[in-house]
Amino acid sequence: MGTELQHYYLELSPDPIRFDGTGLLTNVFFDDAKQQVIAVRSGGATGIVVKGARDGENFVFCMDLHSADAPDAQIRSIKFSIDNQVLAVQRSETSVEFISFLPNHRPNLQEMLLYKGKSMINGFVWVQERQVALFTNVGVEILMVNFEKRSLKSLKSLNITMNWFSYCPSSKFALLSSNLGTILTPIILKPSTITKLPRLELGIDQGCMGKDVTLAQLYGTNAILILRQPPNRPFEVVIYLLNGPGLAPKKSHILKLGQSGRFAMNVVDDVVIVHHQATASSMLFDIALSSSETEHGTGATIHSPIIPAKPIRPFQLEVPSISLDGKTMNCELYTKDWVLFQPNIVIDSKLGCLWFVQLKLSALCALITDRLRLVEFLLQRSEGKTVILTVLKDMMSTTYSGTMLPVIESIFNKLNVLYKSVLDSELQSQMALMSLAKSPMKVPTPPRVLIDQADMYTIVFSTIIDAPQMGKILLLYLNSLARNGINANHELSKALLIDLVSHKQFDTLQFLLKYSALNESKALACFLLSLSNVDYPVISQMALDMLARLNANEIILEVLLERGQVIDALRLAKQMPGADSLPARKYLEAAYKTGDPLIFHSVYNFFQMKNVRLRGCPDFLKRKCSQTRGKS
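Calculation rules
Residues numbered from 1 in each chain as written. Predicted model: local features only at pLDDT ≥ 70, side-chain atom pairs only at ≥ 80, totals over all residues. Heavy atoms only, no water. Helix = DSSP H or I, 4+ residues; strand = E, 2+ residues; numbered from the N terminus. Areas by Shrake-Rupley, 256 points an atom, 1.4 Å probe, with all protein chains shown as cover. pLDDT = per-residue confidence, 0-100. Contact = heavy atoms within 4.5 Å. Pairing = 2+ DSSP bridges. Axes fitted to C-alpha atoms, helices over the stretch in contact; angles between N-to-C directions. Buried < 20%, exposed > 50% of the residue type's maximum accessible area, 1.4 Å probe, protein only. Salt bridge = Lys/Arg side-chain N within 4 Å of Asp/Glu carboxyl O. Phe/Tyr/Trp six-rings, centres within 6.5 Å; stacked < 30°, edge-to-face > 60°. Lys NZ or Arg CZ within 6 Å of the ring centre and 35° of its normal. Expected span 1.5 Å × (residues − 1). Core = buried A, V, L, I, M, F, W, Y, C linked by side-chain atoms within 4.5 Å. Domains from an automatic or database assignment.

- As annotated in an unreviewed UniProt entry, the protein carries the name Mic1 domain-containing protein and is attributed to Anopheles coluzzii.

Spelled out as C-alpha cells, the structure:
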C-alpha cells in the first residue's frame, strides 16, 4: 500500500476545511478572493458559518438575510470585504445590500446600504476595504461604500456590453465577455481605477462560455486558459498570454488533452493541472518546458502531458463517531459535486470539505525517467532545489554512473547557466552602485532554483566521494563552471582536496590537477602541502607542480630548504633573478641541518667558487684570507 501511494503525484491537503454541506436548509458560497466558505443555514436565521483558510477568519453569526421586498429571493452571492467589516449580499438581478459589521464579527443591522440599479448585475468583487466593483450587463462600476455618510458613491465606470465575466483575484484582472463569448476584453482593477486592455477577438465558431474559461498567472504573466473542442478532435486548452501593456492577448500555448468529456483546471506552482471526470485522473502541463511542435500560422507551442495521467491520491476522511478511536471513510474523488477554484482549491459542496491540491515532486522523480527533462521541470518549481540535489546524488552514486555521464554533464550546464546569470546580476548591481547612477537599474527576476558550488559540494560531492567515476564527474562539473565563465572558488577546491586525500583518491586528485580543473592558487598549493606526509610523497610533488605552474619559485625554495633538498633549491635559485646575491648563510645552515657532510661540502664549495669568481675571495672567508696573507 505504501509503495503504491508513493507513485501519486497529486494529493489533497491532509486537513481539509470542514463546513456544512449543501442541503435543503443550507446554501454554501465560496469567495475565491478571500478563500472563505460561507454556509448560510435557513436563510441566515439559524446561523451563518464563515470558514477561512487564514487564521482568525472562522466565525459564526445569525442574521435573517431574507429581503422584505422579496422574501422568497435566493441569495446569489455573498462576500465579505477585505477586512471582514462589510458584508455584501446579492439576492436579485439589480440590487446588492451592504451590511456593516462590528469588530466582534456581529452585524450592525442599523447600518445597511442598498444599491439598486436598472441593469442586470452579473456579480461583484471587492477591490479595497470599502471599494467594490459591480459587473453588469452594460459595464463595470467601482463604488465607494461609506456608512458614515450613508452613501454609495460611484468612483469609476466602464461602459461595455457584457454577458459574463471571470475574475483572477491574485492579479486583480478580469475578463469581460461580449458578443456571446467571441469578444473577450481584459481589464485591470485597482482602487478607483479600471484599465481596459486590448481585446481578444475569437472566430465566430470559437465563442466560449464562462465555465470554459480559467484566469491565472503563469510565470508572473496573466493568462487566459480556454477549454475548447476543435472539430472532430479531442479537447484542448488554448492559453493566451497578456505579455505587456498595449498588447492584445497572444495565443501562445496549446495543451493537448487527448480526451473528451468534463474537465476542470487548477494551477499549482505554475503547473497547469487538468482534471478529467470520466477517467478520474489528472494531467500535468508545464508551458516552460521546451516542445518541438508548434501550431502552423500562430506559432503557438503545443504541449503534451508531462507524464501519463494519474488519479489524485486516495483520501480518507475522519467522520464523527461515538467511540474514542473514531472512524474514517474513503472519499469519492472527481465527483459531480466537486467545484474547483484557482489556484489550487477543490470543494466538495455535498460532503462539506475544502482541500488544497498539492504537487508531490518526489513522486514525479520516480515517474519521469528522462533525468534531464526532470531537472528542467524541477528548476521551475519553488521547492525544486532539494529534490534536484537528491536526484543528482542518486545519479552519481549509482553503479551505472558511467553511462549517465553525458546526462550529468548536460545537467551541470543547465545549473551553471542559471548560476552565472545570478553572478552577472550581482556584478552589475555592484557596478551600478559604484557608478552612482541616477536612474535605478531594473533588477532581473532571480531564478527559482539556484544551485551554487557550496550546494554541490555540501550536499552532493562530499557524500559520494567514493562513487565510481568520481574523478570524471568532478572534472565535468569544474569544466562546466569554466565553460560558463565561473571560477571554482577556493573553498570548493579546498574541500575537494580534503576529501580526496582523506579517501586516498590520489588518482582522482592527480586527474583534476593534470587538467587544471581546480582553481589553482598559492594558498591552495600550500594547503595541499599541509596535507602531505612521508607516507604519501606524491601529494608533495602535486603541490610543488602547482606552485611551479604559478611561478611561485620563492615558496618552492622555502619548501625545498625546509625538507633538506638544498642542492635542488640551489639549482632553482640559480635560474631566478638575483642569483648573484644569494644569502650563503641561509643555505649553509639548511645544509648543516641535513647532517650530511657531502651536502654541506657541496654547498660550501658552491658559494666559495661563486664568490671567488665574482670578487676573488668569498665573503665568509675574508677574515681567514687576510690572516693567511699576514703570515706570509
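### Let's talk about the overall build of the protein
No. 1: Secondary structure summary: the protein contains 16 helices and 32 strands in total.
No. 2: Carbon and sulfur atoms make up 53% of the accessible area of the protein, which totals about 32,400 Å².

### What to know about the confidence of the model for the protein
No. 1: For the protein, mean pLDDT is 85; residues scoring 70 or higher make up 89% of the total.
No. 2: Low pLDDT, under 50, characterises residues 623–632; the predicted model gives this stretch one contact beyond four residues in sequence or across chains.

### Some details on the sheet that holds strand 13 (residues 139–146)
No. 1: Within the open sheet, the four strands sit side by side as 11-12-13-14. Their pairing is antiparallel. Only two strands of the sheet have a single neighbouring strand rather than two, namely strand 11 (121–128) and strand 14 (151–159). Across the sheet, the mean angle from the axis of one strand to that of its neighbour is 25°, orientation sign disregarded.

### Here's the deal with the side chain of Thr 508
No. 1: Secondary-structure assignment places Thr 508 in helix 9 (residues 506–514).
No. 2: For Thr 508, a relative accessible area of 10% puts it in the buried group.
No. 3: Thr 508 has contacts with Met 470, Gly 471, Leu 474 and Leu 500, leaving out every residue within four places of it along the chain.

### Quick word on the pattern of salt bridges
No. 1: In the structure shown here, the tally under the stated rule is 23 salt bridges.
No. 2: Put simply, Asp 269 and Arg 381 hold a salt bridge, and the shortest N to O gap is 3.8 Å. With Asp 269 in the loop between strand 24 (263–268) and strand 25 (271–276) and Arg 381 in the loop between helix 3 (371–378) and helix 4 (384–397), the pair connects residues that are 112 residues apart, well separated along the chain.
No. 3: Across the pair Lys 336 and Asp 337 runs a salt bridge whose closest N-O atoms are separated by 3.7 Å.

### Topic: the pairing of strand 23 (residues 250–256)
No. 1: Counting buried positions along strand 23 gives five out of seven residues, so the element sits mostly inside the fold.
No. 2: Of the strand pairs in this sheet, strand 22 (residues 236–241) and strand 23 are connected by six bridges, and their pairing is antiparallel. Bridge pairing links Ile 239 to His 253 in strand 23.
No. 3: Note: strand 23 against strand 27 (residues 301–303), three bridges, orientation parallel. Across the sheet, residue Ile 254 finds its bridge partner in strand 27, namely Ile 302.

### Some words on the environment of Asp 507
No. 1: Positionally, Asp 507 belongs in helix 9.
No. 2: By relative accessible area, Asp 507 is classed as exposed at 67%.

### Some words on the packing of aromatic side chains
No. 1: Enumeration according to the criterion identifies 16 aromatic pairs in this entry.
No. 2: A centroid spacing of 4.6 Å and a plane angle of 50° characterise the contact between Phe 30 and Phe 341, whose relative ring orientation is tilted. Placement of Phe 30 in strand 3 (residues 26–31) and of Phe 341 in strand 30 (residues 338–341) is noted, with a sequence separation of 311 residues between them.
No. 3: Ring centres of Tyr 592 and Phe 600 lie 6.4 Å apart, and the angle between their planes is 75°; on these two criteria the pair is classed as edge-to-face.
No. 4: Tyr 592 sits in the exposed class, given a relative accessible area of 64%.
No. 5: These aromatic residues form a ring-pair network of at least three members: Phe 59, Phe 61, Phe 80 and Phe 101.
No. 6: The ring of Phe 124 carries Lys 79 above its face, with NZ or CZ at 5.4 Å from the centroid.

### Here's the deal with the environment of Pro 169
No. 1: Tracing the backbone through its elements, the reader meets Pro 169 in the loop between strand 15 (164–168) and strand 16 (173–178).
No. 2: Since its relative accessible area comes to 15%, Pro 169 is described here as buried.
No. 3: Sequence separation between Pro 169 and Leu 215 is 46 residues, and the spatial gap between their C-alpha atoms is 9.1 Å.
No. 4: The residues contacting Pro 169, other than those within four sequence positions of it, are Asp 32 and Ala 33.

### Observations regarding the side chain of Ser 166
No. 1: Within the secondary structure, Ser 166 is located in strand 15.
No. 2: Classification of Ser 166 by relative accessible area gives buried; the value is 14%.

### Describing the pairing of strand 18 (residues 193–196)
No. 1: Strand direction decides the pairing type here: strand 17 (residues 183–190) and strand 18, joined by four bridges, are antiparallel. For Lys 190, the partnering residue across the bridge sits in strand 18 and is Thr 193.

### Considerations on the sheet that holds strand 8 (residues 86–90)
No. 1: Across the sheet, which stays open at both edges, the four strands sit in the order 7-8-9-10 with antiparallel pairing between neighbours. At either end of the open sheet lies a strand with only one pairing partner, and these are strand 7 (77–80) and strand 10 (107–116). Ignoring strand direction, the axes of neighbouring strands in this sheet form an average angle of 20°.

### Structural notes on helix 12 (residues 553–562)
Helical geometry: 3.6 residues make up each α-helical turn, so side chains three or four residues apart lie on a common side.
No. 1: Buried within helix 12 are the following residues: Ile 556, Leu 557, Val 559, Leu 560 and Leu 561.
No. 2: Turning to helix 12, the residues buried within the fold contact helix 10 (522–531), helix 11 (537–549), helix 13 (566–574) and helix 14 (584–594).

### Thoughts on the environment of Asn 553
No. 1: Tracing the backbone through its elements, the reader meets Asn 553 in helix 12.
No. 2: Separated by 23 residues in the primary sequence, Asn 553 and Met 576 place their C-alpha atoms 7.9 Å from one another.
No. 3: In this structure, Asn 553 is in contact with Leu 572 and Met 576, ignoring residues within four places of it in sequence.

### Here's the deal with helix 4
No. 1: Taking 1.5 Å as the rise per residue, helix 4 with 14 residues should run 20 Å; its terminal C-alpha atoms sit 20 Å apart, in good agreement.
No. 2: Taken residue by residue, helix 4 has Gly 384, Val 387, Ile 388, Leu 389, Val 391, Leu 392, Met 395 and Met 396 as its buried positions.

### A few points about the nonpolar core
Nonpolar side chains in soluble globular proteins tend to be buried together.
No. 1: Counting residues in each nonpolar core, the largest one holds 107 residues, and the members touching the most others are Met 396, Phe 412, Met 456, Phe 461 and Tyr 587.
No. 2: The leading source of residues in this core is helix 7 (residues 470–483), at eight residues.
No. 3: Of the residues that make up this core, three or more belong to each of domain 1 (10–359) and domain 2 (365–435 + 443–578).
No. 4: Excluding residues within four positions of it along the chain, Met 456 makes contact with Leu 389, Leu 392, Met 396, Phe 412, Leu 415, Ile 451, Phe 461 and Tyr 477.
No. 5: Core analysis: the next-biggest nonpolar cluster, separate from the first, contains 19 residues, Ala 223, Leu 257, Met 265 and Phe 285 among them.

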